[in-house]
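This is what each chain is made of:
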Amino acid sequence: MLEHYLPIFMMILGGVLFGIVMVKLNEWLGPRRPTEEKLTTYESGMEPVRTARERFSVKFYMVAVLFILFDIEVVFMYPWAVAFRELGIIGFVSMTVFILILLIGLFYVWRKGALEWD
Amino acid sequence: MIEQILHSLSLFLPETTLTVFFCAAIIVGLVAGRTSRASLYVALIGIALATWFAIQQAGSSEGIFTGMVVVDPFATFFKLLIGMSAIVILLFSLYSAEVQSTAHRHIEYGSLLLAMTLGMFLMAGSTNLLMMVLAIELTSLSSYVLAGYTREATDSSEASLKYIIYGAVSTGLMLYGVSILFGLTGATDFYNINRALATGSVNATALLVATIMIVAGFGYKISAVPFHFWTPDVYEGAPVTITAFLSVASKAAGFALMMRFFKTCFIDANALGLPAGMWASLQGFEWNKLLAILSVLTMTLGNLVAVWQNNLKRLLAYSSIAHAGYMLMGVVVLSDKGLAAVLIYFIVYLFMNLGAFYVVMLVANKTGSEDIDTYKGLGYRSPLISVAMVVFFISLAGIPPTAGFIGKLFLFAALLDAKWIWLAVVGALNSVISLYYYVRVVRNMFLRDPERNAEPVVFSAPQVVIVLALLIPTILFGLFYSPIVELANASVVMFGMK
């Protein structure tokens, strides 16, 4: 039974090797003429003030999580909106229930103060 | 198709009720204000209603939502059991100092208890691998948060984190096992898996590996050795109410799902020449030997380690591991009698274990400690509560005339009936070990003098009523046990199995 998986293992091996070889080839063959401008973080952008590896407020995390939550939910609404006529009343009722549940979530987040920065 | 779904919805009423009340608990809690108990009451009403609707379904036996879930006497029994323990836990919570001191988070407490109950209701009825995993996850995710509910206490957060890590690993193992089983049989439906296995064309080694991995998921839910490592820490760190809920309802749901999985997937429905009520496993795949090993390990380790515990919550945690081991013996024997014995044990276990945890909670409310030394001389400071504790403990040890004895009696009878003598002997020896650590607490309460100038401990009337409500069945079912035996015998019927 295991021999059936041989092509898959070879595929994985091939994929990993291809990635490594390409990166290394690029490093080896490509010309490198570094100047001071090229080595900055944003070549034509702002001068970095200090290191980015520092602790930042947990509030960003909250906003990010909420964004992902409600963003994913919109993903479900797009196909529904496209097929709205075909789905008819059942689609409408199902989506209403879904949006109502979302609204409860939003209400919860709001009352718990997660939308306020301070 | 639509008619089928609508018909399924009518049989899905208990679960729908829980879902609606879950939303209601959030809205009511938010409208009522920060320190209101409203969410707890909404949760109480919701669970009581759902349990009532589940009781109404007694006798019906049908697969719904194209065979994802079934409603049958077996599922209804466990819904009743889970619903009852959830109601008791909510009543505990109203008098728990830990829960009441965090009034601003009652919304989460009430709604997550509802979500957890919903997950366990689904676990009781799942007959599809996907539904099984989903139901376990719903239960687990809610319980992770509840275990860390008192987040101001460090050990509560620690408990939650440990619970998540162990949970994630065992769910991962289980999912892998499920995927192997699906690969072997090409089906996710339990009945179709049974049919595919019955053809006898499945690789036995691969099937064994898949089963062991799936058992890891069940073993984690019922805290069987070697998947028990989270249990003592989580039981110690979580609020006592949640600990009690995990030790009874979560374990019951895990057992329900495990017994259904093994019976519907691996039992030969067409086996000939068997005595009535006995089962035969498919193609000589002896999964019950696997469970027998787990059972022996679980009860022996639980009891031996419990002997050394000085914290009552940890002691009860190891005791609950040992009880999972006893109950596994009933699954090993492959008979209706063994299954009925597990159900009887669960009814009994509900009252005695919740009772023991409740007394621990009451004493911790007053003294702020769960250490065994706080119980010194408690028999003189609070006679009623101490006597209740003695009854719960001797019932857990399995001494007549308490209900715990009846539970053990039927388990051992089923074992001897199926000629599992050596397992019965191990079980009996374990009961003797367990007697030691239960009696150690009793000795501290009655045979040790209290600290000097110790005040009598007084409990309020509702608290005493709850203790009595758990104490009376513990004694009553020890003497008058025919109703629970009849209920259990009527509840071993699973949909689609003879």
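As the structure is a prediction and not an experimental result, all values here were calculated from the model. (Residues numbered from 1 in each chain as written. Chains lettered and ligands numbered in written order. Predicted model: local features only at pLDDT ≥ 70, side-chain atom pairs only at ≥ 80, totals over all residues.)

### Observations concerning the overall build of chain B
And step 1. Scanning chain B for helices and strands turns up 21 helices and 2 strands.
And step 2. A compact globule built from 498 residues would reach a C-alpha radius of gyration of about 23 Å, and chain B, at 22 Å, matches this within 12%.
And step 3. Within chain B, residue pairs in contact and separated by at least 24 positions form 79% of the contacts whose partners lie at least 6 positions apart. (Helix = DSSP H or I, 4+ residues; strand = E, 2+ residues; numbered from the N terminus. Rg over C-alpha atoms; globule rule 2.2 N^0.38 Å. Contact = placed C-beta atoms within 7 Å.)

### Topic: the overall build of chain A
And step 1. Summing up its helical and strand segments, chain A has 3 helices and 0 strands in all.
And step 2. Taken from N to C terminus, the helices and strands of chain A fall in the order α-α-α.
And step 3. Expected size for 118 residues packed as a compact globule is a radius of gyration near 13 Å; at 25 Å, chain A overshoots this value by more than 25%.
And step 4. Burial status across chain A gives 0% buried among its 118 residues. (Buried ≥ 20, exposed ≤ 12 C-beta atoms within 10 Å, placed from the backbone.)

### Considerations on the confidence of the model for chain B
And step 1. The predicted model of chain B has a mean per-residue pLDDT of 91, with 99% of residues at 70 or higher.
And step 2. Across chain B, the element-wise mean pLDDT spans from 83 in helix α5 (residues 97–100) of chain B up to 95 in helix α3 (residues 38–56) of chain B. (pLDDT = per-residue confidence, 0-100.)

### As for the environment of Phe262 of chain B
All names here are of chain B.
And step 1. In this structure, Phe262 sits in helix α12 (residues 240–266).
And step 2. With 68 residues separating them in the primary sequence, Phe262 and Asn194 have C-alpha atoms 9.8 Å apart.
And step 3. Residues in contact with Phe262, not counting those within four places in the same chain, are Trp287 and Val331.

### Quick look at the nonpolar core
Residues and elements named next belong to chain B.
And step 1. In this structure, Ile344 and Val359 are the most contacted members of the largest nonpolar core, which totals 179 residues.
And step 2. With 23 residues, helix α15 (residues 336–367) is the single largest residue contributor to this core.
And step 3. Sequence-distant contacts of Ile344, that is, excluding residues within four places in its chain, are made with Ile406, Gly407, Phe410, Ile484, Val485 and Ala488. (Core = buried A, V, L, I, M, F, W, Y, C linked by C-beta atoms within 7 Å.)

### A look at the packing of helix α14 (residues 312–332) of chain B against helix α18 (residues 403–417) of chain B
Residues and elements named next belong to chain B.
And step 1. Where α14 contacts α18, the axes come no closer than 9 Å and their chain directions differ by 35°. Between α14 and α18 lies a crossing whose hand is left-handed. Across from Tyr326, Met329 and Gly330 in α14, the residues of α18 making contact are Lys408, Leu411, Ala414 and Leu415.
And step 2. Here the contact of α14 with α18 is composed, by residue class, of 5 nonpolar, 1 polar and 1 charged. (Axes fitted to C-alpha atoms, helices over the stretch in contact; angles between N-to-C directions. Left-handed = near helix turned anticlockwise from the far one by under 90°. Nonpolar A, V, L, I, M, F, W, Y, C, P; charged D, E, K, R; others polar.)

### Notes on the interface of chain B and chain A
And step 1. Between chain B and chain A, the contact holds 5 residues from the first and 6 residues from the second.
And step 2. A breakdown of the residues in the side of chain B that touches chain A according to their chemical character gives 4 nonpolar, 1 polar and no charged.

### Quick look at unusual backbone geometry
All names here are of chain B.
And step 1. Cis geometry is adopted by the peptide bond preceding Pro226, which originates at Val225 and carries an omega value of 5°.
And step 2. Checked against the element boundaries, Pro226 lands in the loop between α10 (204–221) and α11 (230–237).
And step 3. That bond from Pro400 to Pro401 is cis: its omega, 5°, falls within 30 degrees of zero.
And step 4. Mapped onto the secondary structure, Pro401 falls in the loop between α17 (383–397) and α18.
And step 5. Backbone geometry at Thr66 places phi at a positive 50°, although glycine is not the residue there.
And step 6. Within the chain, Lys419 stands out as a residue other than glycine whose phi angle is a positive 65°.
And step 7. Relative to the helices and strands, Lys419 is located in the loop between α18 and α19 (421–446).

### Examining the confidence of the model for chain A
When pLDDT drops low, the exact placement of atoms in the prediction is not to be read closely.
And step 1. Of the residues in chain A, 99% reach a pLDDT of 70 or more, and the chain-wide mean stands at 87.
And step 2. Helix α2 (residues 59–82) of chain A is the least confidently modelled element of chain A, averaging 89 in pLDDT, while helix α1 (residues 6–29) of chain A averages 93, the highest of any element.

### Considering helix α9 (residues 190–198) of chain B
Residue and element names in this part refer to chain B.
And step 1. Along α9, the residues that are buried comprise Phe190, Ile193, Asn194 and Leu197. The buried residues of α9 all sit within an arc of 100° when viewed along its axis, so they share a single face.
And step 2. Those residues of α9 that are buried lie in contact with α8 (154–185) and α12.
And step 3. One or two residues past the end of α9 sits Gly200, with phi positive at roughly 75°. (Arc of directions from axis to C-beta.)

### A closer look at α10 of chain B
The α-helix advances 3.6 residues per turn, and as a result positions three or four apart in sequence lie on the same side.
Residue and element names in this part refer to chain B.
And step 1. For α10, built from 18 residues, the straight-helix expectation of 26 Å at 1.5 Å per residue is met to within 8% by its first-to-last C-alpha distance of 26 Å.
And step 2. Of all the positions in α10, only Leu207, Ala210, Thr211, Met213, Ile214, Val215, Ala216, Gly217, Phe218, Gly219, Tyr220 and Lys221 are classed as buried.
And step 3. Residues of α10 that are buried in the fold lie against α7 (129–147), α8, α12 and α13 (287–306). (Expected span 1.5 Å × (residues − 1).)

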